[in-house]
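Topology and contacts: notes
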Amino acid sequence: MRTEVVVNKTKVALTQENRILTGAQAVVQAIIDEGSDLMFGYPGGAIMPVYDALYDVEDQLTHILTRHEQGAVHAAQGYARATGKVGICLATSGPGATNLITGIADAQIDSTPLVCITGQVHSHLLGSDAFQETDVIGISMPITKWNFQVTRAEEIPSAIAKAFYIARSGRPGPVLVDITKDAQFGSLEYVYKPFEGMRSYQPKPKLDLSAVRSAAQLINSAKKPLVLFGQGVILSNAEQEFKQFIEKSGIPSAWTIMGLSALDSDHYLNVGMLGMHGNYAPNKLTNECDVLIAVGMRFDDRVTGDLSRYAKQAKIIHIEIDPAEIDKNVKTDVAVLGDAKEALLELTEVIQLRDHSGWLKDFRNLESEEYDTVIREELNPSLDELTMGEVIQAINEKTNGDAIIVTDVGQHQMVSCRYAKFKKSKSFITSGGLGTMGFCLPAAIGAKMGQPLREVIAVIGDGGFQMTIQELGTIFQTKTPVKIVVLNNEFLGMVRQWQELFFEKRYASTTMVNPDFQTIVKGYGIEARKVTRREDLNSAVGEMIRHEGAYFLEVMVGKENNVFPMIETGASVSEIRLK
C-alpha cells in the first residue's frame with residue numbers, strides 16, 4: 001500500500017516500512033489506531049495543524065463541532081458513559097483549554113474515561129505569556145488521572161497510547177495531553193504500539209482471596225445485611241455477577257445515583273436510592289443493618305450524612321478497585337481490594353444461599369409509608385400544578401424503561417433518579433460528584449451519538465438548560481435526534497427549596513425570568529411543544545417519542561414544589577424527613 005502526505009511542504013511516500021508523518025497526523029492516526037471513530041471539539045490557532053490532519057481522514061474519524069469547549073467535554077462524557085468507551089475531546093490553547101476544565105473535573109470525580117487533547121503555543125514561547133498561552137498542565141494536574149505536555153513530534157504516539165491506557169484501565173478517569181504547535185508541525189517516523197503498563201501504575205489490584213473468605217463469613221452470619229452499590233458495578237461490567245451475588249445471598253440492595261440502572265428497577269431485591277433525596281427505607285435501615293456490603297461506591301457525603309452516626313452498629317465490607325477509597329470516609333472491617341467483577345465472582349462461590357425475607361419486609365413497610373406520604377401525591381397530584389414526577393412517569397410509560405435518560409443537576413435530577421425506571425445498564429447519565437449544571441444537553445448529544453439505536457432523553461431544568469443552550473446548534477448541524485424535556489418552574493429549584501426550608505423563604509437570586517424557549521428552539525429547526533395542562537402531558541410525551549428527529553418538550557411545573565424525602569446537612573441518615 002502506497003500513499004502520500006505532505007511534510008514541510010514536501011510530498012513524502014508512505015509505506016509500511018517507511019511511514020513519515022507530521023506530529024499532527026500522528027495524533028490523528030494514533031486515535032484511529034486505538035479504534036476510536038468519534039471525537040468532539042472546537043478549533044483554534046494552537047490546534048489547527050491537528051484539524052488540518054483531520055480533514056484527510058473524515059471517512060475514518062468523525063469530528064463533531066460543538067458550540068463551546070465545555071459542550072465538547074460534556075459530550076465526550078456522555079459518549080463514554082453510554083458506551084463504556086473512551087470519550088475524546090479536542091481544544092486549542094488558552095481559553096479553549098481552560099473551557100474544558102469543568103468537564104475534566106466532572107469526569108475525574110465520576111470516573112469517566114476521557115482523552116482530552118489540547119494545542120499549546122510553540123515550545124520556545126512556553127512561560128513567556130504568549131498569546132493564548134495558559135499552563136493547562138498545572139491547572140489540570142489535580143483533576144486528571146494523568147497529564148503530559150508534548151514538545152517533540154516523536155513523543156506523540158507513545159503519549160497518546162499511554163493516555164488511552166490510563167484513561168480506560170482500573171478506575172477510569174480523564175487524561176490530558178497538551179501538544180505544542182511545533183510538535184504538531186514536526187515530523188517523525190510513525191510507529192504505534194499500544195501501551196501495556198508500567199511498574200509505577202497498577203490499575204487492577206490482585207484479588208486477595210483471604211479477604212473474600214472473611215467477607216463471606218460476615219455475610220453468611222448476618223441477620224440484617226444490606227448491599228450498597230455504585231457505578232463500580234457498571235464500570236467493571238459486573239451487572240450479571242452482581243445480580244447473581246444478591247440473589248444467592250438474598251440481600252436487599254440500594255444504589256447511589258451513579259449506580260442507577262446497574263440493576264433492573266423492578267428487581268425484587270432493589271430497595272431504592274441512597275442519599276440526601278433517596279428513598280426512606282434504605283436510608284433509615286442503614287443504621288439498623290448488621291453487615292453493610294459496599295460494592296463500587298465511595299461513601300460520598302451525600303450518601304452517608306453525618307459520618308459520626310453512620311452505620312456504627314454494622315460490620316463494613318468494602319469491595320473497591322481504588323485503594324485510596326478504602327477507609328477514606330468509612331472505616332471498613334473487611335476491605336476486598338480489586339475489580340468488582342472478579343470479586344463478586346469469587347464471593348458468590350463461597351457465600352451461602354440465604355433467605356432474608358423477614359428483613360426485606362422491613363423495607364417494604366417503610367416503602368409503603370413513603371408512598372403514602374410522598375409518592376402518591378407526586379405521581380397522582382391533587383393540585384392543578386403539574387409535578388416533575390408526573391413527567392418522569394409519563395416518560396416511563398412511553399419508553400417502557402428502555403431509554404437512556406440524561407439529566408442536569410437540581411430538583412429534576414433527584415426526581416428523575418427517584419422515579420425513572422430502567423431495564424438496561426448504562427441507561428442513566430448524570431453529573432454526580434461535581435454536580436455540574438449545563439452537563440445534560442451536550443452529554444445527551446454524546447450519548448445519542450454513542451448509542452444511535454437507543455432513545456436518548458435529556459431531562460433539564462430551566463436554569464441548567466440556559467448554561468449550555470448554545471449546543472442546540474450542534475444538534476441543528478448534526479441532526480442528532482435527541483429528545484429534550486425542560487421542566488420549567490421558573491426558579492433555580494433546588495436552591496429555592498433550601499431557601500424555603502432553611503432561609504425563611506428569602507428567595508435571593510433564584511427567580512428565573514426566562515426567554516421564550518419555544519421561539520429559540522424553533523430557530524434551530526427543532527420541533528417544539530409546550531405543556532401547561534395535565535390532560536396534554538401524555539399525548540405530548542408520546543408525540544415526542546414518536547418524532548423521528550430532535551424534539552423539545554417544555555413542561556411548566558409547580559413553582560414551589562419540593563423534593564422529599566430529604567436528609568438535612570449534618571443530619572444522620574436515620575433522620576431522613578418525609579416532609
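Let us look at the sheet that holds strand S13 (residues 270-273). With parallel pairing, the six strands of this open sheet are ordered in space as S13-S12-S11-S14-S15-S16. Where the open sheet ends on each side, the last strands, each with one partner, are S13 and strand S16 (334-337). The mean angle between the axes of side-by-side strands here comes to 20 degrees, regardless of whether they run parallel or antiparallel. Here three bridges tie strand S12 (residues 253-255) to S13, and the two strands are oriented parallel to one another. Paired with Trp255 across the strands is Met273, a residue of S13. Helix-sheet contacts for helix H14 (residues 340-350) involve strand S14 (291-295), strand S15 (315-320) and S16, and the interaxial angle to S15 is about 130 degrees. Across the sheet, helix H15 (residues 357-379) is in contact with strand S11 (225-229) and S13; its angle to S13 comes to roughly 45 degrees.

So, on to the domain arrangement of the protein chain. Each assigned domain of the protein chain is listed with its residue range as follows: domain 1 (2-190), domain 2 (209-363) and domain 3 (386-556). Centre-to-centre separation of domain 2 and domain 3, based on C-alpha positions: 31 Å. Both faces combined, the contact of domain 2 with domain 3 buries some 1500 Å², and carbon together with sulfur accounts for 59% of it. Interface area lost by domain 2 to domain 3 is led by Ile257, Ser261 and His277, which between them contribute 37%. Where domain 2 packs against domain 3, one counts zero salt bridges. Remark: the boundary between domain 2 and domain 3 carries six residue pairs in polar contact (both at pLDDT 80 or more). Residue composition of the side of domain 2 that touches domain 3, grouped by class: eight nonpolar, six polar and four charged.

Moving on to the packing of helix H11 (residues 239-249) against H14. The interhelical angle for the contact between H11 and H14, taken along N-to-C directions, is 30 degrees, at an axis separation of 9 Å. As judged from the angle between their axes, H11 and H14 are roughly parallel. Relative to H14, the crossing made by H11 is left-handed. Of the residues in H14, those in contact with Glu241, Phe242, Gln244, Phe245 and Lys248 of H11 are Lys341, Leu344, Leu345, Leu347, Thr348 and Glu349. A per-class count over the contact of H11 with H14 returns five nonpolar, two polar and four charged.

What follows covers helix H1 (residues 23-33). The buried count for H1 comes to ten of eleven residues, which makes it a mostly enclosed element. Turning to H1, its buried residues number three or more, namely Gly23, Ala24, Gln25, Ala26, Val27, Val28, Gln29, Ala30, Ile31 and Ile32. Downstream of H1 by one or two residues, Gly35 has phi in the positive range, about 90 degrees.

What follows covers the packing of aromatic side chains. In the structure shown here, the tally under the stated rule is 13 aromatic pairs. Arranged with centres 5.7 Å apart and planes meeting at 5 degrees, the rings of Trp146 and Phe148 form a pair that is stacked. On the basis of relative accessibility, which here comes to 28%, the residue Phe148 falls in the partly exposed class. With a centroid separation of 5.3 Å and an interplanar angle of 80 degrees, the aromatic rings of Phe465 and Phe517 are classed as edge-to-face. Taken together, the residues Phe465 in helix H19 (residues 462-465) and Phe517 in helix H22 (residues 517-523) connect sequence positions 52 residues apart. Across this residue pair, the class does not change: Phe465 and Phe517 are buried. A network of ring pairs unites the aromatic residues Tyr165, Phe195 and Tyr201 as a single cluster. The side chain of Arg496 reaches across the aromatic face of Phe491, ending 5.8 Å from its centre.

Reading guide: rules and limits
- Residues numbered from 1 in each chain as written.
- Predicted model: local features only at pLDDT ≥ 70, side-chain atom pairs only at ≥ 80, totals over all residues.
- Heavy atoms only, no water.
- Pairing = 2+ DSSP bridges.
- Helix = DSSP H or I, 4+ residues; strand = E, 2+ residues; numbered from the N terminus.
- Axes fitted to C-alpha atoms, helices over the stretch in contact; angles between N-to-C directions.
- Contact = heavy atoms within 4.5 Å.
- Domains from an automatic or database assignment.
- Buried area = accessible area lost by both parts, 1.4 Å probe.
- Salt bridge = Lys/Arg side-chain N within 4 Å of Asp/Glu carboxyl O.
- Polar contact = N/O pair within 3.5 Å; in protein donor to acceptor, adjacent residues only side chain to side chain.
- Nonpolar A, V, L, I, M, F, W, Y, C, P; charged D, E, K, R; others polar.
- Parallel < 35°, antiparallel > 145°, perpendicular 65-115°, else oblique.
- Left-handed = near helix turned anticlockwise from the far one by under 90°.
- Buried < 20%, exposed > 50% of the residue type's maximum accessible area, 1.4 Å probe, protein only.
- Phe/Tyr/Trp six-rings, centres within 6.5 Å; stacked < 30°, edge-to-face > 60°.
- Lys NZ or Arg CZ within 6 Å of the ring centre and 35° of its normal.

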